[in-house]
Every structure is written in C-alpha cells, then in structure tokens.
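Spelled out, the chains give:
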Amino acid sequence: AQKVTQAQTEISVVEKEDVTLDCVYETRDTTYYLFWYKQPPSGELVFLIRRNSFDEQNEISGRYSWNFQKSTSSFNFTITASQVVDSAVYFCALSEWGATNKLIFGTGTLLAVQP
Amino acid sequence: GAGVSQSPRYKVAKRGQDVALRCDPISGHVSLFWYQQALGQGPEFLTYFQNEAQLDKSGLPSDRFFAERPEGSVSTLKIQRTQQEDSAVYLCASSSYDRGKIGTEAFFGQGTRLTVV
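This one's a predicted model, so the numbers in the text were calculated from it and none came from an experiment.

Undergrad: Got a minute to help me understand the overall build of chain A in this structure?
TA: A count of helices and strands for chain A gives 0 helices and 12 strands. Overall, chain A shows an N-to-C arrangement of helices and strands of β-β-β-β-β-β-β-β-β-β-β-β. Over its C-alpha atoms chain A spans a radius of gyration of 14 Å, differing by no more than 12% from the 13 Å that the globule rule assigns to 115 residues. Taking all 115 residues of chain A together, 43% fall into the buried category. Accessible surface, chain A as shown: approximately 5,600 Å² in total, 49% of it carbon and sulfur. Each charge class in chain A can be summarised by its mean position, and for the 9 positive and 13 negative side chains these summaries are 5 Å apart.

Undergrad: Mind showing me how you'd approach the pairing of strand β8 (residues 64–69) of chain A here?
TA: Here is the key point about a regular strand: its side chains alternate between the two faces of the sheet. Residue and element names in this part refer to chain A. In β8, alternate side chains face the same way, and those of Tyr64, Trp66 and Phe68 are buried while those of Ser65, Asn67 and Gln69 on the opposite face are not. Alignment of strand β7 (residues 59–61) against β8, held across 3 bridges, turns out to be antiparallel. Pairing of Ile60 across the sheet is with Ser65, part of β8. Counting the residues between successive antiparallel strands, the hairpin from β7 to β8 contains 2 residues, one of them, Gly62, with a positive phi of roughly 65°. Note: β8 against strand β9 (residues 74–79), 6 bridges, orientation antiparallel. Residue pairing across strands places Tyr64 opposite Ile79, the latter belonging to β9. Turn length for the β8-β9 hairpin, with the two strands adjacent in sequence and antiparallel, is 4 residues, and the turn residue Ser73 shows positive phi of about 50°.

Undergrad: What should I look at first to understand the state of the cysteines in this one?
TA: By definition, a disulfide links the sulfur atoms of two cysteines through a covalent bond. Residue and element names in this part refer to chain A. In total, this model carries 2 disulfides over all chains according to the counting rule given. Between Cys23 and Cys92 runs a disulfide, and the two sulfur atoms are separated by 2.0 Å. Classification of the bridge connecting Cys23 and Cys92 rests on its S-S torsion, roughly -65°, and on that basis the disulfide is left-handed. Remark: Cys92 occurs in strand β10 (residues 88–96) and Cys23 occurs in the loop between β3 (19–21) and β4 (24–26); sequence separation between them is 69 residues. For Cys23, a relative accessible area of 0% puts it in the buried group.

Undergrad: When you look at the sheet that holds strand β1 (residues 5–7) of chain B in this model, what are you seeing that I'm missing?
TA: One key point about sheets: their strands pair by backbone hydrogen bonds, in either a parallel or an antiparallel sense. Residue and element names in this part refer to chain B. Within the open sheet, the 4 strands sit side by side as β1-β3-β8-β7. Their pairing is antiparallel. Both outer strands of the open sheet, β1 and β7 (65–68), are each paired with one neighbouring strand and no more. With direction set aside, neighbouring strand axes in the sheet form an average angle of 15°. When strand β3 (residues 19–24) meets strand β8 (residues 75–79), the two strands line up antiparallel, connected through 5 bridges. Residue pairing in the sheet places Cys23 in a bridge with Ser75 of β8.

Undergrad: For this particular structure, what's the right way to read the pairing of strand β11 (residues 112–116) of chain B?
TA: All names here are of chain B. On β11, burial follows the alternation: Thr112, Leu114 and Val116 on one face are buried, whereas Arg113 and Thr115 on the facing-out side are not. Pairing analysis gives 3 bridges linking strand β9 (residues 88–95) to β11, with the strands arranged antiparallel. Paired with Ala88 across the strands is Leu114, a residue of β11.

Undergrad: How should the interface of chain A and chain B be read in this particular structure?
TA: Interface size is commonly expressed as the accessible area that is lost once the parts come together. The partner chain B presents 25 residues to the 22 residues of chain A that form the contact. For the pair chain A and chain B, the summed buried area comes to about 2,000 Å², and 55% of that belongs to carbon and sulfur atoms. Two residues, Asp56 of chain B and Lys102 of chain A, come together in a salt bridge whose shortest N-O distance is 3.6 Å. Across the chain A-chain B interface, the total number found is 4 residue pairs in polar contact (both at pLDDT 80 or more).

Rules used in this analysis
- Residues numbered from 1 in each chain as written.
- Chains lettered and ligands numbered in written order.
- Predicted model: local features only at pLDDT ≥ 70, side-chain atom pairs only at ≥ 80, totals over all residues.
- Heavy atoms only, no water.
- Helix = DSSP H or I, 4+ residues; strand = E, 2+ residues; numbered from the N terminus.
- Rg over C-alpha atoms; globule rule 2.2 N^0.38 Å.
- Buried < 20%, exposed > 50% of the residue type's maximum accessible area, 1.4 Å probe, protein only.
- Areas by Shrake-Rupley, 256 points an atom, 1.4 Å probe, with all protein chains shown as cover.
- Lys, Arg positive; Asp, Glu negative; His and termini not counted.
- Charge placed at Lys NZ, Arg CZ, Asp CG, Glu CD.
- Pairing = 2+ DSSP bridges.
- Disulfide = S-S within 2.5 Å.
- Axes fitted to C-alpha atoms, helices over the stretch in contact; angles between N-to-C directions.
- Contact = heavy atoms within 4.5 Å.
- Buried area = accessible area lost by both parts, 1.4 Å probe.
- Salt bridge = Lys/Arg side-chain N within 4 Å of Asp/Glu carboxyl O.
- Polar contact = N/O pair within 3.5 Å; in protein donor to acceptor, adjacent residues only side chain to side chain.

See the structure below:
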C-alpha cells in the first residue's frame, strides 16, 4: 500500500537555525514521484520540489535542500538559516505511475520559526 | 486568472443542507483534482477529471458526494445532506498532466472551508 509518514508533528526553532523535516514513504512501484509542498496560513499548497524515483541526486535550491535515499525510503527536507517566513505546515507527498497521477500526502509537519 | 480559484472561501451549512463548491482551474489545464483536508491532517484525494471525463472517483467518501466538470474547465463538488463529519477544507488542484506523462506539478487553490453545524 502507498503511504507517507511524517513523524514530526510540530517543530519549533529560533530564526537562523537549520531544521530538517523527515519523510518516509511506502510503495510497491518502482516508478514514482516524491513532492514537498508548503501550506502557509492562507491555506494554499505551494509546490516546492518534485523528484522521480530514478534520480537520487540531492538537490539544493537557495536555503532549501533535499536528501532522497531509496535504501531507507526517505525524502528529507532541510531549511538552512531558517526565517520567520518559513513558518508553515510542510507536506511530503507520493505519486505513483498511473492514469490519475494523484498525490498521497503525509500528515504534515508544522514548523514554527521564532524571531 | 493566474491561479486556481475556489469559491466560496468559507461555507457554513446546517446539517442536512446541500452545498456546492466551485473550482476555476488554470486556463488550459487538462487535469483537475479535488482533495479533502480535515483539521490537522494532510489532504486526501477525492476525485480526478481529465478534461470533462471523471476518470477516478475512488476517494469520494459516500454517494452524497458528487463532482462534475461538464465543459472540461470549471468544476463543481456537490455534497448532499451534509453531515458534521463533512466539515473540512476542500482543495481543488489543476495540472497540465496528460496521459503518458507523470509527475507533473499540481497547482492548488486556497480551498473552501466547510463547517457543518
């Protein structure tokens, strides 16, 4: 069965600290995509990154970086030098090969960055 | 518009009332999704349209839930005889995904918060 687990319900850090959000997934498919979305208080889900199952190369985008490890079925997200504007709920999601391309979301991690 | 637009943003319904939630996807997007997000949870898939065809409705929780996209653009999610457990945020997303392609980014609207009292 497809499943995404985000074990951290809430994380609180002080501005400029680094923080890592964990994501573990389960799937029987060999072809799949992993995503991270940010949900600020306004409610709209904002796309951050997409990785396919054949590309384990880590990625860095500004203060954001992602560590994809198939051996542990993990796709962790690190924010370097966090800022108050990073405060939001972050969701990890899985999409398998198929006609629908629907997303299976984790339960989210609420990140609070204190000034 | 530039993004996915949903209306109303907030809806309060009395138990037993019917409601209709509207989604205007990004112009030209083939795919449209509806998700339900309960408080403190991640979004859960409800249904998927490719143009006007509803290809997957496996996530609809009961036959009280009905979705349509008659002209392949605007979509409406209808809930009949609302119950308290229907209280949630209903999110709409669209993407340019078409058959044969995977992993296309989905763009989400701000959602409709439904409260059933």
